[in-house]
Amino acid sequence: MELALTISKLTKGFWVQGRNFIALQDIDLSVNKGEFITIIGPSGCGKSTLLRCIAGFERPTTGFVQVEGQEVNRPGIDRMMVFQGLDQLFPWLTALENVAFALRVTDTTRGMALSRTLAGDYINLVGLSGYEGFYAHQLSGGMKQRVAIARALSVQPKILLMDEPFGSLDAFTRKALQEELASIWQKTGVTVLFVTHNIDEAIVQGDKIIAMSPQPGRILSVIDNPIPRPRSSESPKFAEIWETLHHLLGIHKNLSKEPLRSSQRTAPLEEVEAII
Amino acid sequence: MKDIDIAKRFTVLFSNRTVRQVLFMTVLAAVWESVAMTGYVPPLLFPRFSHVIQTLIKETLTGEVLGRTWFSLNLVATGLGLATISAVLATAFAMCSPLASECIETLMSILHPLPGIAILPIVILWLGTGTGAISAVIWFAAVWPLVANLHTGLRSVPITQIEAGRNLGLRGIRLVRTVLIPGAFPHILSGLRVAWARAWQALVASEMVFGACGGDGGLGWFIYKRRFFMEVPGVFAGMIVIVLIGLIVERIGFAQIEIRTVRRWGMTLE
């Protein structure tokens, strides 16, 4: 198996009110091409920070992240992120234009017409044909996340990073999107890293489940998931993995704190400055 | 039977907002006309509405109204254009560092409450009486709301959208152009609206202050001149033109832009 992602001795600290807060400590992880990995842990265990380090939004304090042998030091289209927030689509563009925008800015030689045609294919892929001309505010939460997935996939990333993308959705929509994502993953063969704090979701989705503990964020265990897809929670193996995870994560229950981030932050000006 | 039909039609017509507004204005004009016709008010100071309209038509036909309007609009465009450029530069400067941002914010909180017209005396000393002084007043009246809204607008763009853009490899000026400016557009539009309204007010006010000194002028100067010669219907006619232009720009210009952008995108503020 070829490696898609290697993380070695990654530690990430933040300065919070004059104190050094260790979000991630000694993370070592290898992911094969085409794997579907779920990362689970209580709020504040650094799972989102880990994803953000892989995406290149955060720089590791020590250690490194490599994608196919190349060290990550900035955001790039080989690692596309789908966020939890329902505000990640550009509201001034339609569903189709959001995808076409990604295609156009990442390859300026691609014309507008070609971008739109290609974008249409990805809108189809996520099952939204007929909604191409809808603006974000006219789409439901689940549809917005589908467009975000289409936009991320359209630039053909090596790794799809998903930061609790279905966390803001109701149970029915979440279930439908889980099935949809599994079929998209099978069709495209993209490597997926999927962060969740929902144990059922972690088992249904992941071929490998990474359990993390908080403060500092460490990898507790990597569990292989042998249950054949589509996974049903009826399967006896499911209950077994569920118990294992519950046990692993339950130990740290007392330590879990409120998450440090909220999904709909707006940027303080300093942050915008830092970006530019 | 026919009466019911007419009543029904009237109800339908009356449910249209524009129809109601036109009707109200007609009633207002009629009241004006009848008050002036009673003879209790001196016609020199309170002319009949029909006289005002006649004067307006006459002044329009001679090209006077158009010339004055053109002159005023040119001045506002210059002032607003310069204010927009300055606001963009100031905001760009504010984004360079937190210290620069603080300086701009402090400057804004000191100068924003000062009405544009209040700087006219000093501007006259510096630039003399002329179009330069008026442009400076318009610039001053418009620049602060523009800076404030641009500043707020850029900060209101959700961080996930900025990160989605960065994820696509967008950085620097490209990120600003493709993500931050469209994301800040609702605020930018509302800044332009406030700036336009303040600029238009500042223009008319400053034209009246030294209207008699200049040889040429805009609508403010037109009103000033008509008052000087006691041509009161002309004063009212000038006021009507000023109101009309304000309405056209706001109701047709800005309202249409809003419908086609901010409303369509579901990005209305509050």
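Above this note sits the structure.
What you see is a predicted model; the values in this text were computed from it and never measured. (Residues numbered from 1 in each chain as written. Chains lettered and ligands numbered in written order. Predicted model: local features only at pLDDT ≥ 70, side-chain atom pairs only at ≥ 80, totals over all residues. Heavy atoms only, no water.)

Turning next to the overall build of chain B. In terms of regular secondary structure, chain B is built from 11 helices and zero strands. Helices (α) and strands (β) of chain B occur, in sequence order from the N terminus, as α-α-α-α-α-α-α-α-α-α-α. Taking 2.2 N^0.38 as the reference for a compact globule, 270 residues should give roughly 18 Å; the C-alpha atoms of chain B span a radius of gyration of 24 Å, well beyond that estimate. A principal-axis box enclosing the C-alpha atoms of chain B has dimensions of 70 × 65 × 30 Å. In chain B, once contacts between residues fewer than 6 apart in sequence are set aside, the share between residues at least 24 apart is 70%. Taking the average place of the 22 positive charges on the side chains of chain B and the average place of its 14 negative ones, the gap between the two points comes to 6 Å. (Helix = DSSP H or I, 4+ residues; strand = E, 2+ residues; numbered from the N terminus. Rg over C-alpha atoms; globule rule 2.2 N^0.38 Å. Contact = heavy atoms within 4.5 Å. Lys, Arg positive; Asp, Glu negative; His and termini not counted. Charge placed at Lys NZ, Arg CZ, Asp CG, Glu CD.)

With that out of the way, let us pick up helix 3 (residues 112-125) of chain A. Residue and element names in this part refer to chain A. With 14 residues, helix 3 should reach 20 Å at 1.5 Å per residue; the first-to-last C-alpha distance of 20 Å fits that figure. For helix 3, the full list of buried residues reads Ser 115, Ala 119, Gly 120, Tyr 122, Ile 123 and Leu 125. Residues of helix 3 that are buried make contact with helix 2 (95-106), helix 4 (141-154) and helix 5 (171-188). Note on helix 3: the residue one or two positions beyond its end, Gly 127, has a positive phi of about 75 degrees. (Expected span 1.5 Å × (residues − 1). Buried < 20%, exposed > 50% of the residue type's maximum accessible area, 1.4 Å probe, protein only.)

Quick look at the interface of chain B and chain A now. In this assembly, 37 residues from chain B lie in contact with 37 residues from chain A. The contact between chain B and chain A buries some 3200 Å² in all, and 65% of this surface belongs to carbon and sulfur atoms. When the buried surface of chain B facing chain A is broken down by residue, Ile 159, Asn 167 and Leu 168 of chain B rank first, second and third, together holding 23% of it. Applying the counting criterion to the chain B and chain A interface returns one salt bridge. Put simply, Glu 163 of chain B and Arg 52 of chain A hold a salt bridge, and the shortest N to O gap is 2.5 Å. At the boundary of chain B and chain A, one finds 12 residue pairs in polar contact (both at pLDDT 80 or more). Elements with a minimum of two residues in the side of chain B that touches chain A: helix 5 (98-111), helix 7 (131-156), helix 8 (159-167) and helix 9 (172-209) of chain B. Among the residues making up the side of chain B that touches chain A, the classes are represented as 18 nonpolar, 12 polar and seven charged. (Buried area = accessible area lost by both parts, 1.4 Å probe. Salt bridge = Lys/Arg side-chain N within 4 Å of Asp/Glu carboxyl O. Polar contact = N/O pair within 3.5 Å; in protein donor to acceptor, adjacent residues only side chain to side chain. Nonpolar A, V, L, I, M, F, W, Y, C, P; charged D, E, K, R; others polar.)

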